[in-house]
Amino acid sequence: MNHEVRCFECERLVPDPYLDECPTCHGKLYVKMDLEGIKETSPQEFASRPLGVWRYAPLLPVERSKAVTLQEGGTPLYKCKTLAEKASIKEVFVKFEGANPTGSFKDRGMTVGVSRAVELGCKKVGCASTGNTSASLAAYAAKAGLGCIVLLPSGKVAVGKLAQAMFFGAKVVMLDGNFDDALNVVRELARQGHLYLLNSINPYRPEGQKTVAFEILDQLNHEVPDRIILPVGNAGNISAVHKALTEYAELGWINKVPKLTGIQASGSAPIVKAFRNGERDYRPEEHPETVATAIRIGNPVSGRKALKAIYDTDGTAIDVSDEEILAAQRMLGRMEGIGVEPASAASIAGLIKLRQMGEVDWDERVVCICTGHVLKDPETVIKSCEPIIQSKADAASVLKAIGG
Ligand SMILES: *Cc1c(COP(=O)(O)O)cnc(C)c1O
Ligand SMILES: [Zn+2]
């Protein structure tokens, strides 16, 4: 075994693979990788394998030969000149996670999480989800031949995500509650032994999500960017990126760490509020609200890890309004041809706002992680665009209708 599971708060070893928190202090868990064995290698040695999650197998807690994979990761890193001009910044890249098999970065964590479930001999997996986790888990469970149960908050799940979970054959249950309620229920079901829990509270999930940072470094020829900006919901992703960078630094493979910058929606911003007050813990938001449903989370599971990530890297956290999110989403589509869902556009909106506030310097090299695909949430897109033009079926009418 190249790893062990420990408590993030008290560092105690937690050998029972079915616990989702520390039995002593209720802290969240993390995977401690044993990096000794790979100290003598270098990331360049991985490069003979295709870009993707399993290129980085030596830094993952499951063996590559046992992986349940849909060839996730290996997503494009776009250099965005027009966006850079618009935000008046020297260089900005977009890491487009919508290009993953089910259209979000969740696939990176799920390939590792479901591989772990199979390794443990579990027959049923489950999660609570604002949409993308369920879409991803349903697909990987199908691939592995496992039963799958997903709990969704009622009414607030984007239609593309819902369609995916149903399509891949999961049992889809809508609860009369929000995401935080759904997570409590699914944790209870897992504790009773009805399913293996695959929310990001499961420490194997973030391990797969580390690879987005490894890929960014490979794609930039190991020139470390000044800043990485990403949307924050449950905060699993920002914590995973931090863990990735910490491991590379520990291995001596990078000599600086980008400033990790978390963006939340104004109606759902417990981490931003804690950061503003200089606190290491956050107060849950009772009624989180935002058009960016993937980050509509009041009680972020990895909130404490995220705050540590931000403080340790000299990063920052701000919130953006729904209007700013939708404007950034449209702008990215129309200036760069990149289609992302609203939550993903929070990172772009955040960059623009931080530049306006002067909190990001003009000469920084910034990577924005755009977490999910535009087609996840077509209803929001259609509502936020100009209406369709109606016309009779002849050329003259079309020309008249479009104004010449
Ligand atoms: C899950 C998700 C997020 C939030 O990620 P966390 O790890 O919960 O902070 C952001 N955007 C999209 C598209 C997501 O699916
Ligand atoms: Zn503990």
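First things first, this report covers the structure right here in the doc. Note that the structure is predicted; figures quoted are calculated from it, not measured.

What counts and how
Residues numbered from 1 in each chain as written. Chains lettered and ligands numbered in written order. Predicted model: local features only at pLDDT ≥ 70, side-chain atom pairs only at ≥ 80, totals over all residues. Heavy atoms only, no water. Buried < 20%, exposed > 50% of the residue type's maximum accessible area, 1.4 Å probe, protein only. Helix = DSSP H or I, 4+ residues; strand = E, 2+ residues; numbered from the N terminus. Pairing = 2+ DSSP bridges. Donors = N, O, S within 2.8 Å, 3.2 Å for Na, K, Ca; no water. Tetrahedral: all angles 85-135°; square planar, octahedral: opposite > 155°, others 65-115°. 1 Å grid on protein atoms, 1.4 Å probe; cavity = no way out; pocket = protein on both sides within 12 Å on 5 of 7 lines; lining within 4 Å. Points joined across faces, edges and corners; volume = space filled by probe spheres on them. Nonpolar A, V, L, I, M, F, W, Y, C, P; charged D, E, K, R; others polar. Salt bridge = Lys/Arg side-chain N within 4 Å of Asp/Glu carboxyl O. Right-handed = clockwise from strand over helix to strand, strands pointing away. Expected span 1.5 Å × (residues − 1). Arc of directions from axis to C-beta. Polar contact = N/O pair within 3.5 Å; in protein donor to acceptor, adjacent residues only side chain to side chain. Core = buried A, V, L, I, M, F, W, Y, C linked by side-chain atoms within 4.5 Å. Contact = heavy atoms within 4.5 Å. Phe/Tyr/Trp six-rings, centres within 6.5 Å; stacked < 30°, edge-to-face > 60°. Lys NZ or Arg CZ within 6 Å of the ring centre and 35° of its normal.

Here strand β11 (residues 316-320) lies mainly inside the structure; five of its five residues are buried. One ladder, built from five bridges, connects strand β10 (residues 259-265) with β11; its direction is parallel. When the bridges of β11 are listed, I263 appears paired with I318.

Note on the zinc ion (ligand 2): its protein donors are C7 (SG), C10 (SG), C22 (SG) and C25 (SG). The metal-donor distances range over 2.3 to 2.4 Å. Viewed at the metal, the four donor atoms of the zinc ion (ligand 2) are separated by angles of 98 to 121 degrees, and the geometry they form is tetrahedral. For the zinc ion (ligand 2), the donor residues sit on a single chain with the sequence spacing C-x2-C-x11-C-x2-C. Of this pair, C7 sits in strand β1 (residues 3-7) while C22 sits in the loop between β1 and β2 (29-33), placing them 15 residues apart in sequence. Judged on exposure class, the residue C7 and its partner C22 are both buried.

Another point: the layout of surface pockets. Approximately 600 Å³ is the volume found for the largest pocket. Along the walls of the largest pocket sit 28 residues, with Y30, V31, K243, T246 and E247 positioned nearest its centre. Those elements that provide at least two residues to the lining of the largest pocket are β2, α6 (204-209), α8 (236-250) and α10 (303-312). With eight residues, α8 is the single largest residue contributor to the lining of the largest pocket. Of the residues contributing to the lining of the largest pocket, the split by class is nine nonpolar, six polar and 13 charged. Roughly 390 Å³ of internal volume is contained in the second largest pocket. Those elements giving two or more residues to the lining of the second largest pocket turn out to be β1, α5 (179-191) and β8 (196-197).

This structure, assessed with the given rule, holds 29 salt bridges. Residues E386 and R334 are paired through a salt bridge, measuring 3.1 Å at the closest nitrogen-oxygen approach. Of the two residues, E386 sits in the loop between α13 (378-384) and α14 (395-401) while R334 sits in helix α11 (residues 322-336), which places them 52 residues apart along the sequence. Sharing partners across several salt bridges, the network here consists of K79, E91, E223 and R365.

So, about the pairing of strand β7 (residues 171-175). Remark: a regular strand shows side chains that alternate across the two faces of the sheet. Pairing geometry for strand β6 (residues 147-153) and β7, over five bridges, is parallel. Note that in β7 the partner of I149 across the bridge is K171. Once you follow β6 into helix α4 (residues 159-167) and on to β7, the crossover reads as right-handed.

Right, let's talk about α5 for a bit. Along an α-helix, a turn takes 3.6 residues, which lines up residues three or four apart on a common side. Here α5 spans 18 Å end to end across 13 residues, near enough to the 18 Å set by a 1.5 Å rise per residue. Within α5, the full set of buried residues consists of F179, D180, A182, L183, V186, R187 and A190. The buried residues of α5 occupy an angular sector of 155 degrees when projected down its axis, which confines them to one face. Measuring from the side-chain oxygen of the N-cap residue of α5 to the backbone nitrogen of D180 gives 3.1 Å; that N-cap residue is N178.

Here the focus is the nonpolar core. L59, I228, I238, V241 and Y248 are the most contacted members of the largest nonpolar core, which totals 54 residues. Excluding its chain neighbours within four sequence positions, the residues that come into contact with I238 are L230, V232, L260, T261, G262, A306, A309 and I310. Grouped together as the second largest cluster of nonpolar side chains are 34 residues, M331, L332, A345 and I352 included.

Counted under the stated rule, the structure contains nine aromatic pairs. Cluster of aromatic residues (ring-pair linked, three or more members): F46, Y56, F214, Y248 and W253. The positively charged end of K305 is found above the aromatic ring belonging to F8, 5.6 Å away from the centroid.

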